[in-house]
Amino acid sequence: MMQLHYYPGNASFTPHVLLHEIGVPFELKRVERMQGAHKQPEYLKLNPNGLIPVLVDGDLVLYETAAICLHLADTHPDAALAPPLGTAERAHFYKWLAWLTNTLQATLIHYFYPERLVDEGNTTGATQVKAHAQAKVGALLQLLDAQLAAHGGPWLLGERYGAVDPYAFMLCRWTRGFDNKPAREYPHIGPYLQRVLARPAVQRVFASEALAQPYV
């Protein structure tokens, strides 16, 4: 049985959703992040970066959210979480998955942890980093909104729901506390988030992780 090492609302949210979408048995292993469990030797044996999530699938120990998404999609093709290999649709799937993890998520990390990019005690610098990161996220959300508007379909890649959708939902959800136009206020992202939220797998994750409203 697969194990997902997770923390509520963390980057583990997306693979948690995908495991429910696939419908296979799995075990949740909560990592007490606020007590620093992800930095302890036992967890570092699974992920030496000390980050969440980790998926254990038999002898395979896998970290990095995007890699876990690809693994779940590839090993459960009947769930149709990714377009067929070798197609243009698959190439766009790779593009958006990479964009979500390398561009939007990376910028959000700067917003939430600006102190990591400045000298210790430089509160002015950290404030500037956070403000610039929020502005950059706003520009990226405009791109996401334009993608949804361009094809007019219900999901990020068009007519077919896939692994990129709970990923986009998760990152958009992280903006819910923005003081300037969170993701839900964009004309095409807002309804899109409600469509993702309505999926039974997403609802099960919110219940399982005991995440409080507002959800987005």
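Being a predicted model, the structure only gives us computed values, none of them experimental.

Basis of the calculations
Residues numbered from 1 in each chain as written. Predicted model: local features only at pLDDT ≥ 70, side-chain atom pairs only at ≥ 80, totals over all residues. Heavy atoms only, no water. Pairing = 2+ DSSP bridges. Helix = DSSP H or I, 4+ residues; strand = E, 2+ residues; numbered from the N terminus. Axes fitted to C-alpha atoms, helices over the stretch in contact; angles between N-to-C directions. Contact = heavy atoms within 4.5 Å. Buried < 20%, exposed > 50% of the residue type's maximum accessible area, 1.4 Å probe, protein only. Parallel < 35°, antiparallel > 145°, perpendicular 65-115°, else oblique. Left-handed = near helix turned anticlockwise from the far one by under 90°. Nonpolar A, V, L, I, M, F, W, Y, C, P; charged D, E, K, R; others polar. Disulfide = S-S within 2.5 Å. Phe/Tyr/Trp six-rings, centres within 6.5 Å; stacked < 30°, edge-to-face > 60°.

If you walk across this open sheet you meet the 4 strands as 2-1-3-4, and the pairing is mixed. The open sheet terminates on both sides in strands that have one partner only, identified here as strand 2 (26–30) and strand 4 (60–63). The mean inter-strand angle of the sheet, taken between neighbouring strand axes irrespective of direction, is 20 degrees. Pairing geometry for strand 1 (residues 2–6) and strand 3 (residues 54–57), over 3 bridges, is antiparallel. Bridge pairing in strand 3 places Gln-3 opposite Val-56. Strand contacts of helix 3 (residues 65–75): strand 1, strand 3 and strand 4, with the helix running at about 130 degrees to strand 4, the strand carrying the most contacts.

This next bit is on helix 1 (residues 13–22). For helix 1, the buried fraction is high: 8 of the 10 residues fall into the buried class. Within the span of helix 1, buried status applies to Phe-13, Thr-14, Pro-15, His-16, Val-17, Leu-18, Leu-19 and Ile-22. Contacts from the buried residues of helix 1 go to strand 1, strand 2, strand 3, helix 3, helix 6 (164–173) and helix 8 (200–208). A positive phi of about 85 degrees marks Gly-23, the residue just after helix 1.

Moving on, we get to the packing of helix 1 against helix 8. Working note: a packed helix pair is described by the angle between its axes plus the distance between those axes. Helix 8 packs onto helix 1 with a crossing angle of 125 degrees between their chain directions and a minimal axis gap of 8 Å. Considered as vectors, helix 1 and helix 8 are oriented oblique to each other. When the axes of helix 1 and helix 8 are compared, the crossing they make is right-handed. Together, Phe-13, His-16, Val-17, His-20 and Glu-21 of helix 1 and Ala-201, Val-202, Arg-204, Val-205, Phe-206 and Ser-208 of helix 8 make up the contact between the two elements. Broken down by class, the residue content of the contact of helix 1 with helix 8 amounts to 6 nonpolar, 3 polar and 2 charged.

A complete count under the given rule lists 0 disulfides for this structure. With no disulfide partner, Cys-69 has as its closest neighbouring cysteine sulfur the one in Cys-172, 15 Å distant.

Moving on, we come to unusual backbone geometry. Outside of glycine, negative phi angles account for most residues, and trans bonds account for most peptide bonds. In this chain, Ile-52 is followed by Pro-53 through a cis amide linkage whose omega measures 20 degrees. In the segment running from Gln-213 into Pro-214, the intervening peptide bond is cis, with an omega of 0 degrees. The phi dihedral of Glu-64 falls on the positive side, at around 80 degrees, and the residue is not glycine. Structurally, Glu-64 can be placed in the loop between strand 4 and helix 3. For Glu-64, a relative accessible area of 44% translates into the label partly exposed. Notably, Ala-80 is not glycine yet its phi reads approximately 55 degrees, a positive angle. You can see Ala-80 is positioned in the loop between helix 3 and helix 4 (88–112).

Turning our attention to the packing of aromatic side chains. Inspection of the entire model under this criterion finds 10 aromatic pairs. On the numbers, 6.1 Å between centres and 55 degrees between planes, the contact of Phe-93 with Tyr-94 is tilted. Each ring, one from Tyr-111 and one from Phe-178, has its centre 4.6 Å from the other, and the planes form 50 degrees; the classification is tilted. Residue Tyr-111 is found in helix 4, and its partner Phe-178 is found in the loop between helix 6 and helix 7 (189–197); the two are separated by 67 residues along the sequence. One aromatic cluster is present, built from ring pairs that chain together Phe-13, Phe-169, Phe-206 and Tyr-215.

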